[in-house]
Amino acid sequence: MTVLLGKMARPAVALCLLVLGSYPVNGAEHLKVFTSAVPPIAQEDEARPGFAVELVKAALREAKLDGEVVFVPWPRLLDSGGSRTGTLVFPVPRLAKVESDFTWITPLVDLDLSFVSTSQEVHSLAQALELRSILVRGQSVYEYMLRDYGFGNVEPVSSGNIPLMLAKGRADAWFTTTDEARWAWSTGQTAVPLDVPLKLGKVMGQQRMWLAGSKGLDRGIAERISRAIAAMREDGRFNAIMAAYLPPRTTTANAAVHVAAVKNREIVNLQSAIKDFEASNPGVSVEISILQEGELRDSIAADVFSGSGRYDVIAIGTYETPIWAKKGWLRPIVEFPASYDVDDLMPSVKAALSYEDRLYALPFYAESSVTYFRKDLLEKAGASLPANPTYQDILAAARAMHDPAGGVFGACLRGKPGWGENMALISTIVNGHGGRWFDETWRPQIDTQEWKAALLWYRAMLKDFGPPNAAELDYNGNLALFAQGKCGLWIDATVAAGTLFDPTMSSVATKVGLAAAPHGASDRGTQWLWSWAFAIPSTSQQFPEALRFVQWATSKSYIQAIGGRFGWVVAPPGTRQSTYRDPRYRASAPFADAVRDAIVQADPNRPTQHAVPYKGIQYVAIPEFQAVGTRVGQEMAKFLTGKTTLDDALFRANAATTEIMNAAGYYK
């Protein structure tokens, strides 16, 4: 087989493609194979051409096909790959944007994705958002992934000297596969030695590389190549080729349905009931990865963006669902058994999980926000809290109950930075003070009097009446404190009621009162709307089984089973109208009406006092909000802990938001 290694421009891509055009030569099929230089997958080195080149050459020989390899740029191949006849593409990630362009033949290898650096290790997407700049190969899948997530600090590079640029401090990090980074540092791939240590961050996810063909690829050729690779796997030649470049790894599809879910009590209850699903679905097993919220977001984002197919079911929320559905990353859920009763879903929750009138996720539980307070402590202090309190009412109640010497803090509120952490609460407080994230032209409105008033109230609550580690506390941390009797009041998710009113989990179960989330100049957007829901990525290889699992876990019968097993007080709330009519639930959940009303009243379509171009209450329903909310959340945490002034925090938050929105193309 001839390998042509001409002096062609190196492609700006993080994956290699092989385009196959077949024609007869001396009675044999002659294949022209194109690839892009991405060490150690493929490189312009006759002695060590790379794992992909060697594998394809061996597979073609095994299939008794003739051909030659030529290096060409990635963009030219991708633009024409799907429309060509007789095209083979290898290796390529199964991204939603090319899903319909090719015939997917077989997965070949999983590559770990990571941020690599020469200084501080980068272990999360939130941390990476804070960096000055991140190198990626231009027009590569890595650039698409970060930009789709809302990164504005991406620096695309077309040259092959990214490792040298990183080593010389031209950027803070490089987003790539750990294999490529290790290869660059271990084999002298640059003109000068890389004499600074390489630091690999936590694996963000995996990129599954596939062998694919165009829609017009001859099925006979595709099957011959598929059988050749299967034979090479069977006799060990596949791993032998891989071992010269990459640590061997397996990519055999697992028959289990793999689920990624957020860590909370509701998911733990689900895990204990999995055997019921498996018993009624012989041959189907379920494996649940239960992750902290930030870790979950990183893991599923990397999985969906890279097309690795690691998860068959993912727990996402009302924020991600319509955005990801629009991008084609989720499978629509359009078929239901009659017993599911899709019309029983709460209308506002159903609408929030839909895109163009089609459901793309089913709600596991749904929530709004309320004020939890200790009735006994207020009574003891001779104070009270109205059903619809103002911010001043809340402040007065916190002051009345604050007794740190007695082990009770007047107020517990989210302080941990993050778009879904402190900013979920702060956004509703800003709304209630008459503020908004953006004006009608998408200009940030963070450095305004409304934001200042909201943040001064927020800091006063936590600095004067909160726990000493308030800036570190998230939903679960505050839930534990309140359940232990250490909080006078807490403004947070209605789903917590199931735990706080459960005497087996809460020491104050008989002493908890509920009021609406507080309001100020405005009562719009003061009660959020959220659902942790199950969706099926478009890359799932177990769609029928995944669909059965998702419908089982969100069904009326599942709610009834959990109520019977653990007590109706902890039955999954907020998803079905029938739950709030069930006498068993109403008898066990004195908070039922308050929770239902909060969910019904929340209106993501009109979240603020003044007109805005966005939907969403505790978030802005645009892809860039993950980056915006994370950056702003960090600044708010610095203000809370006294590391910066309010004016400086708001100025930097406003400037960072402007920069992100400008990079995303909002200002023409």
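The structure under discussion appears in the preceding block.
Residues numbered from 1 in each chain as written. Predicted model: local features only at pLDDT ≥ 70, side-chain atom pairs only at ≥ 80, totals over all residues. Heavy atoms only, no water.

Q: Can you break down the overall build of the chain residue by residue, with the values?
A: The helix and strand inventory of the chain stands at 24 helices and 22 strands. Against the globule reference of 26 Å for 668 residues, the chain gives a C-alpha radius of gyration of 27 Å, in line with a compact fold. For the chain, the spread of C-alpha atoms along the three principal axes comes to 95 × 55 × 40 Å. The proportion of buried residues among the 668 residues of the chain is 60%. Taking as baseline every contact in the chain between residues at least 6 positions apart, the subset at least 24 positions apart corresponds to 75%. By element, 49% of the accessible surface of the chain is carried by carbon and sulfur atoms, the whole surface being about 25,400 Å². (Helix = DSSP H or I, 4+ residues; strand = E, 2+ residues; numbered from the N terminus. Rg over C-alpha atoms; globule rule 2.2 N^0.38 Å. Buried < 20%, exposed > 50% of the residue type's maximum accessible area, 1.4 Å probe, protein only. Contact = heavy atoms within 4.5 Å. Areas by Shrake-Rupley, 256 points an atom, 1.4 Å probe, with all protein chains shown as cover.)

Q: Which residues make up the side chain of Asp439, and what values do they have?
A: For Asp439, the position within the fold is in the loop between α15 (422-432) and α16 (449-465). Buried charge Asp439 goes without a salt bridge, the closest partner of opposite sign being Arg436 at 5.4 Å. Polar contacts involving the side chain of Asp439 include one to the main-chain amide nitrogen of Arg443, which spans 2.9 Å. Apart from the residues lying within four places of it in its own chain, the contact partners of Asp439 are Gln445 and Pro613. (Lys, Arg positive; Asp, Glu negative; His and termini not counted. Salt bridge = Lys/Arg side-chain N within 4 Å of Asp/Glu carboxyl O. Polar contact = N/O pair within 3.5 Å; in protein donor to acceptor, adjacent residues only side chain to side chain.)

Q: I'd like to hear about the environment of Gln392, residue by residue, with values.
A: When you line up the elements, Gln392 lands in helix α14 (residues 391-401). Since its relative accessible area comes to 53%, Gln392 is described here as exposed. With 126 residues separating them in the primary sequence, Gln392 and Pro518 have C-alpha atoms 8.8 Å apart.

Q: Give a description of the state of the cysteines that names residues and reports values.
A: Going through the model one piece at a time under the given rule, you end up with 1 disulfide. Here Cys412 engages in a disulfide with Cys487; their sulfurs sit 2.0 Å apart. Around the S-S axis, the bridge from Cys412 to Cys487 shows a dihedral of about -80 degrees and counts as left-handed. Of this pair, Cys412 sits in strand β19 (residues 409-412) while Cys487 sits in strand β20 (residues 487-493), placing them 75 residues apart in sequence. When sorted by exposure, Cys412 lands in the same class as Cys487, which is buried. (Disulfide = S-S within 2.5 Å.)

Q: Describe in detail the packing of helix α23 (residues 625-640) against helix α24 (residues 646-663), supporting the description with residues and values.
A: With their axes 9 Å apart at the nearest point, α23 and α24 run at an angle of 170 degrees to one another. If you check the angle between α23 and α24, you find them roughly antiparallel. Only Leu646, Ala649, Leu650, Arg652, Ala653, Ala656, Thr657, Ile660 and Met661 of α24 make contact with α23, whose side of the interface consists of Ala627, Val628, Arg631, Val632, Glu635, Met636 and Phe639. A class-by-class count of the residues in the contact of α23 with α24 yields 12 nonpolar, 1 polar and 3 charged. (Axes fitted to C-alpha atoms, helices over the stretch in contact; angles between N-to-C directions. Parallel < 35°, antiparallel > 145°, perpendicular 65-115°, else oblique. Nonpolar A, V, L, I, M, F, W, Y, C, P; charged D, E, K, R; others polar.)

Q: Tell me about the side chain of Thr321, and name the residues and values.
A: Topologically, Thr321 is positioned in helix α11 (residues 320-326). When residues no more than four places from it in sequence are discounted, the contact partners of Thr321 are Ile316, Leu330, Leu353, Tyr360 and Ala361.

Q: Got a sec to walk through unusual backbone geometry? Specific residues and values, please.
A: With glycine set apart, most residues show a phi of negative sign, and most peptide bonds adopt trans. Not every positive phi belongs to a glycine, and Lys64 is a case in point at roughly 60 degrees. As for its placement among the helices and strands, Lys64 is situated in the loop between α1 (51-62) and β4 (66-71). By relative accessible area, which is 69% here, Lys64 ends up exposed. Here the phi dihedral of Trp442 falls at roughly 70 degrees; this positive angle occurs in a residue that is not glycine. Mapped onto the fold, Trp442 is located in the loop between α15 and α16.

Q: Which residues make up α24, and what values go with them?
A: Three or four residues apart is the spacing at which side chains of an α-helix point the same way, because the helix has 3.6 residues per turn. Relative to the 26 Å expected for 18 residues at 1.5 Å per residue, α24 spans 26 Å between its end C-alpha atoms, a close match to the ideal helical length. Buried within α24 are the following residues: Leu646, Ala649, Leu650, Ala653, Asn654, Ala656, Thr657, Ile660 and Met661. Buried positions in α24, seen along its axis, are confined to an arc of 165 degrees and lie on one side of it. Here the buried face of α24 lies against α16 and α23. Residue Gly665 follows α24 closely and has a positive phi angle near 90 degrees. (Expected span 1.5 Å × (residues − 1). Arc of directions from axis to C-beta.)

Everything listed here is a matter of geometry and, on its own, says nothing about what the molecule does.
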